[in-house]
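# Overview (structure and organization)
Listed below are the residues making up each chain.
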Amino acid sequence: MSFSQKYHQLPTFDKHAGEHESLQRKDPRKSLRRSPFLVIAIIMFLGVSIPCIRMARSRASLSACNSPQRNSSTLANLPSHYTLPSGDKIPSVALGVWQASQGEVGNAVKTALSAGYRHIDGAWIYRNEEEVGQALKASSVPREELWLTSKLWNTFHAPEDIEAALDESLTKLGTDYLDLYLIHWPVAFKEGTTVLDEDLTADPYPTWQKLEELVDRGKIRNIGISNFNIRRIQNLTANNLKYQPAVNQVELNFWNPQPELLQWSKENGLLLEAYSPLGSDKQVGKSLSVPEVKDIACKLGITPAQVIISWSVQRGTIVLPKSVTPSRIAENLAVFELPQEDFERLETAATSHSPQRVVNPSAGWKLPFDVFDGQ
Ligand code: NAP
């Protein structure tokens, strides 16, 4: 805004120069004599004024963010936990560790625990549970204060494989129980291949029954699902379940906000967990540059990532931002209640464009259908 106003002042200067020129035409000799001085004066003016305009422009944009209308300390806090059907309290913000590579994930977990995180979202397939476990062991945080989630990979749905897969995760994480264990995807692969086992794909209930048994035996405290659409949730819950799914972990971000799934889940008492909340590594830059996100961040004196993570919690979901960068890990834990008008502005912006998934492995897995739509 201030830039365009200043920018428009340049033609004003040109206009005066033009008027001056027209006066000069009345006296060509004077004009000739003065023209070198005039040119020098113009060059000097431009030499001084253009840097000034640039500086003013950058100060204006900086002051827009450095002098926000709100200070984050005046913003209300959002819920730090949700209560699951089991009565357990799950922290609303977790450190996600997908694509946190070996050699860096341990430090990320240590940094997160020091910053105050108590919830780590992992999975067998992330192939970093051992290093996560070592970092947990090195920390002084008691096990009962931690929330550890892992996920059953697609190759382990055969009833005899489920417990062995869980045990492997438990051993690597250095714990004898998980707070939450999810069916990672609503598909099952025959072991060692990416060929679907159609029966298990059609019916996750046998897997669920085994998970229920593992809850009863104390190896898991809560069980849930991930990447399930409404039809698949209904297929599962149509069975006589001993334990209802505690959560459904799905992609939820600015590009794919899934308002219908969110609404349906609220109506049916199923908590959602927002994965790839920043748009994952592919879209994070684009997410943080969304004009509404930037405007709200400037207005409230918080960062664009904090706007998006806060919005996720304010939508009533758990949120799982991943970072291996210490400053970002700390930044992502600080969530604030967005004023209602800002929350609605962001919700409207997110739900007004066509949804665009960041994560869809269907083609990579050579599925004969889209995993999110089913067969
Ligand atoms: P994400 O959290 O949306 O984005 C991660 C990317 O954002 C990384 O490149 C990270 O960089 C960057 N980033 C993080 N905080 C930032 C900040 N404050 N400012 C700027 N950049 C920032 O993506 P995600 O890893 O796809 O999803 C998060 C978690 O969800 C995963 O780790 C996993 O736990 C879970 N997940 C689950 C499923 C599932 O099928 N159930 C699928 C996908 C993800 P640096 O790390 O370099 O800082």
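Residues numbered from 1 in each chain as written. Predicted model: local features only at pLDDT ≥ 70, side-chain atom pairs only at ≥ 80, totals over all residues. Heavy atoms only, no water.

### Brief notes about the pattern of salt bridges
Two side chains bearing opposite charge may form a pair once their charged atoms approach each other closely. Scanning the model with the defined rule gives 16 salt bridges in all. The partner of Arg118 in a salt bridge is Glu145, and the shortest N-O contact between them spans 3.9 Å. Here Arg118, found in the loop between α3 (105–115) and β4 (119–121), pairs with Glu145, found in the loop between α4 (129–138) and β5 (147–152); they are 27 residues apart in sequence, far enough to count as distant. The structure contains a network of salt bridges with shared partners spanning Glu163, Asp167, Lys210, Glu213, Arg217 and Lys219. (Salt bridge = Lys/Arg side-chain N within 4 Å of Asp/Glu carboxyl O. Helix = DSSP H or I, 4+ residues; strand = E, 2+ residues; numbered from the N terminus.)

### Quick word on the site of the ligand
As a structural note, the neighbourhood of the ligand is formed by 30 residues, with Asp121, Leu278, Ser280, Ser323 and Thr325 the closest of them. Measuring from an oxygen atom of the ligand, one finds a backbone N or O atom of Gly279 at 3.3 Å. Interatomic distance of 2.9 Å between a backbone N/O atom of Val324 and an oxygen atom of the ligand. In isolation the ligand has 910 Å² of accessible area, and contact with the protein removes 92% of it. Taken together, the elements giving at least two residues each to the shell around the ligand come down to α10 (280–288) and α13 (326–333). When residues in the shell around the ligand are grouped by element, the largest group, 4 residues, is from α10. Of the residues contributing to the shell around the ligand, the split by class is 13 nonpolar, 11 polar and 6 charged. (Near = heavy atom within 4 Å. Polar contact = N/O pair within 3.5 Å; in protein donor to acceptor, adjacent residues only side chain to side chain. Areas by Shrake-Rupley, 256 points an atom, 1.4 Å probe, with all protein chains shown as cover. Nonpolar A, V, L, I, M, F, W, Y, C, P; charged D, E, K, R; others polar.)

Functional significance is not addressed by these values, which are geometric in nature.
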